[in-house]
Amino acid sequence: MDQTKTPYFQALLDYVDSGVIPFHTPGHMQGIGMERSFREFVGDNICAIDLTPMPGIDDLLQPTESIREAQELAAEAYGADRTFFLINGSTSGNQCMMMTAINPGDKIAVPRNSHKSMLGGLVMSGAHPIYMQPAVDQEMHMDHCVTPDTIARTLDEHPDIKAVYVVSPTYYGVAADLQAIERIVHDAGKLLLVDEAWGPHFQFHPALPISATQARADMCINSTHKMLSAFSQCAMLHQIGDRVRVDRLKSVLKMFLSTSPNLPMVASLDVARMQMATNGAALLSRTIDLAQETRRRLNRIAGIYCFGEEIRGRHGVFNLDPTKITVAVKGLGYTGYEASEILRRRYNIQVELADLFNVVALFTIGTTSDAADRFVAAFEELARDERPVDLYAPSGVLQQRLKKGSYRLPEIPPMRMLPRDAFLAQTEFVKFRESKGRICAETISPYPPGIPVLSPGEEITDGLIDYLRLEMKAGTRIQGPYDDELKIIRVVKE
Ligand SMILES: Cc1ncc(COP(=O)(O)O)c(C=O)c1O
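Rules used in this analysis
- Residues numbered from 1 in each chain as written.
- Predicted model: local features only at pLDDT ≥ 70, side-chain atom pairs only at ≥ 80, totals over all residues.
- Heavy atoms only, no water.
- Domains from an automatic or database assignment.
- Contact = heavy atoms within 4.5 Å.
- Salt bridge = Lys/Arg side-chain N within 4 Å of Asp/Glu carboxyl O.
- Polar contact = N/O pair within 3.5 Å; in protein donor to acceptor, adjacent residues only side chain to side chain.
- Nonpolar A, V, L, I, M, F, W, Y, C, P; charged D, E, K, R; others polar.
- 1 Å grid on protein atoms, 1.4 Å probe; cavity = no way out; pocket = protein on both sides within 12 Å on 5 of 7 lines; lining within 4 Å.
- Points joined across faces, edges and corners; volume = space filled by probe spheres on them.
- Helix = DSSP H or I, 4+ residues; strand = E, 2+ residues; numbered from the N terminus.
- Axes fitted to C-alpha atoms, helices over the stretch in contact; angles between N-to-C directions.
- Left-handed = near helix turned anticlockwise from the far one by under 90°.
- Buried < 20%, exposed > 50% of the residue type's maximum accessible area, 1.4 Å probe, protein only.

Some points on the domain arrangement of the protein
Right, so step 1: Assigned domains of the protein: these are domain 1 (60-254), domain 2 (281-400) and domain 3 (409-492).
Right, so step 2: Inter-centroid distance (C-alpha atoms) of domain 1 to domain 3 is 27 Å.
Right, so step 3: Counting residues at the interface gives 17 residues for domain 1, matched by 19 residues for domain 3.
Right, so step 4: The interface formed by domain 1 and domain 3 contains one salt bridge.
Right, so step 5: E458 is paired through a salt bridge with R112; the nearest N and O atoms lie 2.8 Å apart.
Right, so step 6: The interface formed by domain 1 and domain 3 contains five residue pairs in polar contact (both at pLDDT 80 or more).
Right, so step 7: Considering only residue class, the side of domain 1 that touches domain 3 consists of nine nonpolar, six polar and two charged.

Below is the structure:
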């Protein structure tokens, strides 16, 4: 196919050129009815192509013309049999994959550190999750990927599992051994689903980890908006082979997608694919070089460490995406949260993520060398500052965490109800310290590492209560519960 073409974007341009008199949604009628200050800021052109599905423009739910061609071009570029454009991010991709692969009660192996949209997929599909613990890195205070060994063991222990769901790469850019995982999963006759939200660029450069489509996952998702140039919320779902019921996938997508998709978003997916297919290797080479050079410069600053190739081969680290820079700042005496806040306040720099020990910066095809210079200069200055907090003081957060073994996660508790049943059940709040034996109806994740220690449907044990109370004493943030301080917890009503 001709990858220089952008059939869907072109269809929108043709409509604008044809001067049609609009009597259709959206109500701003190509910008005429839009509040002037907003229109002047966003520009006339984006308003002109904010249209609705109609003949000549095609329909995302039932593509027969230019969207169909745009999706076929994307499938070819990614080496998939079919590609579907998504307009509610990989969040909807996770939900659609599970709703396609799983029937209520079917078992699916999932990493404990999955994104919360995976849980949405479990609740919607009624799946029975078999949780797999990812590799936890005590030294770097983060979790990596689930290993092939863990997957093989899980399949041995639960031969009735229907599908294996893997997250690769992680938020920090660590990639799993997808080829080994594919062999294990397919040899066992199961489906492989991959959340590759953070790896839409892998397909287009040989120095990046292999993509989930190259590894022949049955279905995978990419947040095209995260690391490539599509608008926010734009993602793709790729499907390969004949293990997935394509008719079911198509019906699920029809159920999840809006009947009024934002067409500039859809066009941005078409154009982002063309950009990568025609020029991706060159653009990404520049990005990778800039990121690697920045990593080297940062690593020359005393007190800072940005991991790179040297950690390859550690448990759960098969490969790395060099375009994500994780800056460990504990040697500077800051927490990641503080460093992130100072970067923003003092240097006007906003990073993607901060945790207790790190900040994470994305380097993409849109990152300039000037921005990279300012990033490095900010850290050089930060390293010269007086240390603001002594994380190693006896009462310091870090010392307390290190003392108690930091990342020795508790055992995954017994599952008493499916996540869906617990989520939809009648619930009540009880005091957390008195909740032993109750069935949890929410997700409780100390962050970092962000791995849920309790998920909906699981029994609250004494060990977990002790563990979580200690975490909170040590200053760890708890994600997920209704009550941030976890004085009360939502449980299934008895
Ligand atoms: C691993 C993973 N999967 C899925 C998602 C959801 O992606 P989106 O924001 O495109 O809906 C995220 C978002 O951060 C993520 O980190």
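Notes on empty space enclosed by the protein
Right, so step 1: A complete count under the given rule lists three cavities of 30 Å³ or more for this structure.
Right, so step 2: In this structure, the largest cavity occupies an estimated 70 Å³ of space.
Right, so step 3: Lining the largest cavity, in full, are Y172, G173, Q292, R295, F307, G308, E309, L320, D321, P322 and K324.
Right, so step 4: The class makeup of the residues in the lining of the largest cavity is four nonpolar, three polar and four charged.

So, the layout of surface pockets
Right, so step 1: Of the voids in this model, the largest pocket is the one considered here, and its volume is about 1100 Å³.
Right, so step 2: Taken together, 40 residues form the lining of the largest pocket, with S114, H115, K116, S117 and Q479 sitting closest to its centre.
Right, so step 3: Of all the secondary-structure elements, those providing two or more residues to the lining of the largest pocket are α5 (89-101), α6 (116-125), α9 (224-227) and β17 (445-447).
Right, so step 4: For the lining of the largest pocket, a count of residues per class yields 17 nonpolar, 17 polar and six charged.
Right, so step 5: A domain-level breakdown of the lining of the largest pocket finds at least three residues from each of domain 1 (60-254) and domain 3 (409-492).
Right, so step 6: In this structure, the second largest pocket occupies an estimated 410 Å³ of space.
Right, so step 7: Every residue lining the second largest pocket is counted, 18 residues in all, and those nearest its centre are P63, Q71, T83, F84 and K250.
Right, so step 8: The class makeup of the residues in the lining of the second largest pocket is eight nonpolar, four polar and six charged.

A short note on the packing of α5 against α6
Right, so step 1: Viewed as axis vectors pointing N to C, α5 and α6 meet at an angle of 35°, and their least axial separation amounts to 8 Å. The crossing of α5 and α6 is right-handed. Contacts from S90, T91, N94, Q95, M98 and M99 in α5 reach S117, M118, G120, G121, L122, M124 and S125 in α6.
Right, so step 2: Its residues placed into classes, the contact of α5 with α6 shows five nonpolar, eight polar and no charged.

Brief notes about the pattern of salt bridges
Right, so step 1: Going through the model one piece at a time under the given rule, you end up with 23 salt bridges.
Right, so step 2: Its salt-bridge partner being E69, residue K5 comes within 2.8 Å of it at the nearest N-O pair. Of this pair, K5 sits in the segment before α1 (7-18) while E69 is found in helix α4 (residues 66-78), placing the two residues 64 residues apart along the sequence.
Right, so step 3: Classification of K5 as partly exposed rests on a relative accessible area of 37%.
Right, so step 4: Put simply, D160 and K107 hold a salt bridge, and the shortest N to O gap is 3.0 Å.

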